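What follows is each chain in one-letter form.
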Amino acid sequence: MQLKDYITLTISLIALAVSLYNFYVQQLRRKERLIGSMISIGINDGERDRKMEYSVSNVGDVQIVVKEAEFSTNGSVVNAEVVGLPVVLKPGEIALFDILYNSSEVESNSTEVVEIGVFSALGKGYRLPHTHKEEGKEAEGRWNVFKLQPEHEGF
């Protein structure tokens, strides 16, 4: 074999390796990734006097259903209205939803958690929690992005 044959063989092997990697990434590896953030919390005009606004984004490569969101205080679910859910998110899509509630249903000095129910196209269910108050005080990092993690699996 001559030098040009070795160069041709090397280029062919590199092309084969790149093709196999692309096949793995596009067809076999499926990632469920969802990120969310609380956009605002404030006063609402209407039957319920408070409103929390959230955004969720599918940053994975499978479709995700954001089915529901529950607002609880000290472990008790608050009678809240959720506007904008359920929603199906394709990879790269973003959705907004609101949680409307009455401030009279929330105890002072309470721990307040929003739990988002998520299902993936791979058949897994998740409960994604977001704590925004701990014992009546603003939770550290409540304005930071929160992410779907493997430990959130289980509906």
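Before any of the text, the structure's been laid out above.
(A) Spotlight on the overall build of the protein. Each helix and strand in the protein was counted, giving one helix and 11 strands. Secondary structure of the protein in N-to-C order comes out as α-β-β-β-β-β-β-β-β-β-β-β. A compact globule built from 155 residues would reach a C-alpha radius of gyration of about 15 Å, whereas the protein, at 22 Å, exceeds it by more than 25%. In terms of overall dimensions, the protein has a C-alpha envelope of 85 × 30 × 25 Å along the principal axes. Sequence separation of 24 or more characterises 62% of the internal contacts of the protein that already satisfy a separation of 6 or more. Total accessible area computed for the protein in this model is approximately 9600 Å², and 51% of it derives from carbon and sulfur atoms. Looking at charge distribution, the protein has the averaged site of its 16 positive side-chain charges lying 9 Å from that of its 22 negative ones.

(B) Layout of the pairing of strand 8 (residues 112-120). Of all nine residues making up strand 8, seven are buried, and the element is well covered by its neighbours. Pairing between strand 3 (residues 64-73) and strand 8: nine bridges, direction antiparallel. Bridging from a neighbouring strand, Ile64 pairs with Ser120 of strand 8. Joining the antiparallel neighbours strand 8 and strand 9 (residues 125-134) is a turn of four residues, in which Gly123 adopts a positive phi near 90 degrees.

(C) Inspection of the packing of aromatic side chains at higher detail. Within the structure shown, the criterion is met by three aromatic pairs. Arranged with centres 5.5 Å apart and planes meeting at 10 degrees, the rings of Tyr54 and Phe97 form a pair that is stacked. Of this pair, Tyr54 sits in strand 2 (residues 50-58) while Phe97 sits in strand 7 (residues 94-101), and the two are 43 residues apart along the sequence. Look at Phe97 and you get buried, because its relative accessible area is 1%.

(D) Molecular detail of the environment of Gly75. Looking at the secondary structure, you find Gly75 in the loop between strand 3 and strand 4 (76-77). For Gly75, a relative accessible area of 71% gives the class exposed. Spatially, the C-alpha atom of Gly75 lies 9.4 Å from that of Ser110, the residues being 35 residues apart in sequence.

(E) Expanded view of the pattern of salt bridges. Evaluated as defined, the whole model comprises eight salt bridges. The salt bridge involving Glu68 is made with Lys67; its shortest N-O contact spans 3.4 Å. Within this structure, Lys67, Glu68, Glu70, Glu115 and Arg127 form a network of salt bridges that share partners.

Cut-offs and rules
- Residues numbered from 1 in each chain as written.
- Predicted model: local features only at pLDDT ≥ 70, side-chain atom pairs only at ≥ 80, totals over all residues.
- Heavy atoms only, no water.
- Helix = DSSP H or I, 4+ residues; strand = E, 2+ residues; numbered from the N terminus.
- Rg over C-alpha atoms; globule rule 2.2 N^0.38 Å.
- Contact = heavy atoms within 4.5 Å.
- Areas by Shrake-Rupley, 256 points an atom, 1.4 Å probe, with all protein chains shown as cover.
- Lys, Arg positive; Asp, Glu negative; His and termini not counted.
- Charge placed at Lys NZ, Arg CZ, Asp CG, Glu CD.
- Buried < 20%, exposed > 50% of the residue type's maximum accessible area, 1.4 Å probe, protein only.
- Pairing = 2+ DSSP bridges.
- Phe/Tyr/Trp six-rings, centres within 6.5 Å; stacked < 30°, edge-to-face > 60°.
- Salt bridge = Lys/Arg side-chain N within 4 Å of Asp/Glu carboxyl O.

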